[in-house]
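Coordinates in review
For reference, the chains in residue letters:
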Amino acid sequence: MVKSNHFNRQSLFTMAILLVLLVTQLPVYAQGGDDFPERGNRLFLEDFTTLVNRWDRLQTAKYSADYKDFAYQFDVRSPGIAVWSLPRTEFDLDRYHIEVNAEITEDSAEDSFVGLIINYQDEDNFYVFGVNPTGTFEMRWWDDGAWADEALVEGEFDVTDTILIHIEDNEGVYEVGINGTRLASVESGDLSGGRFGLFAQAGHGILQVSFDDYTVYDIGVDS
């Protein structure tokens, strides 16, 4: 009887250890709030510390887009104006993870919208995944030079001083997130492949936003 009890306690202890090891190695894919999986190979990195003119340097009476304080800053002084910039690269991707840090000034209009351009076909057709200063996110479609009637996906997040914006495209299935947390998933096959960049649109007032550490990863064939 003693031997049997010792065997049971030892077996239960061993099974518990194996279960813990198994659980800690499983990827997390629960509904909302789970971290993005590990990135693949890094394909592109821009920290804006050197003026290599990879990004446009725009100066007009209504807006500017330029390198400033080791970041890339949009300064939009006319309400409703949309401005964007794409790096000079040869990438045309349909499987990728992109992220960037965005910092919006406190005096920017609350209905401003800033974020990542993806699947850029031309100046009239692309997607934007972005945020506004009040803590909402949206994936929008710039369709024939104007926003489509409805956002592809939208929601809320907890605002921080610097906002890390993520989007992952796996051949038309998009995972979006903020500050390392996956928030939503959506599928859209209207636009595929194309270039990537940065976007800023003022609301009913001015907008000033600085972007930093723009990074593109390959998500790999098995993601």
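See the structure shown above.
From a predicted model like this one, the values you see are computed outputs, not experimental measurements. (Residues numbered from 1 in each chain as written. Predicted model: local features only at pLDDT ≥ 70, side-chain atom pairs only at ≥ 80, totals over all residues. Heavy atoms only, no water.)

Quick word on the pattern of salt bridges
Under the defined criterion, the tally for this structure stands at 7 salt bridges. Between E46 and R54 there is a salt bridge whose closest N-O contact spans 3.4 Å. Take E46: its relative accessible area is 4%, and that puts it in the buried class. Its relative accessible area of 28% is what places R54 among the partly exposed residues. (Salt bridge = Lys/Arg side-chain N within 4 Å of Asp/Glu carboxyl O. Buried < 20%, exposed > 50% of the residue type's maximum accessible area, 1.4 Å probe, protein only.)

A look at the nonpolar core
Core analysis: the largest hydrophobic core is formed by 44 residues, its most contacted members being L198 and Y214. One finds L86, F113, I117 and F126 within the second-largest nonpolar core, a separate group that totals 8 residues. (Core = buried A, V, L, I, M, F, W, Y, C linked by side-chain atoms within 4.5 Å.)

Notes on the packing of aromatic side chains
Taken as a whole and assessed by the stated rule, the structure comprises 26 aromatic pairs. Judged by centre distance (5.6 Å) and plane angle (20 degrees), the rings of F48 and Y72 are stacked. Placement of the pair is F48 in the loop between β1 (42–46) and β2 (58–59) and Y72 in strand β4 (residues 71–76), with a sequence separation of 24 residues. What makes Y72 buried here is its relative accessible area of 0%. The interplanar angle of 40 degrees and the centroid separation of 5.6 Å between the aromatic rings of W55 and Y72 together place this pair among those described as tilted. Placement of W55 in the loop between β1 and β2 and of Y72 in strand β4 is noted, with a sequence separation of 17 residues between them. The burial state of W55 is the same as that of Y72; both residues are buried. In this arrangement the basic side chain of R140 is found over the ring face of F113, its NZ or CZ atom lying 3.7 Å from the centre. (Phe/Tyr/Trp six-rings, centres within 6.5 Å; stacked < 30°, edge-to-face > 60°. Helix = DSSP H or I, 4+ residues; strand = E, 2+ residues; numbered from the N terminus. Lys NZ or Arg CZ within 6 Å of the ring centre and 35° of its normal.)

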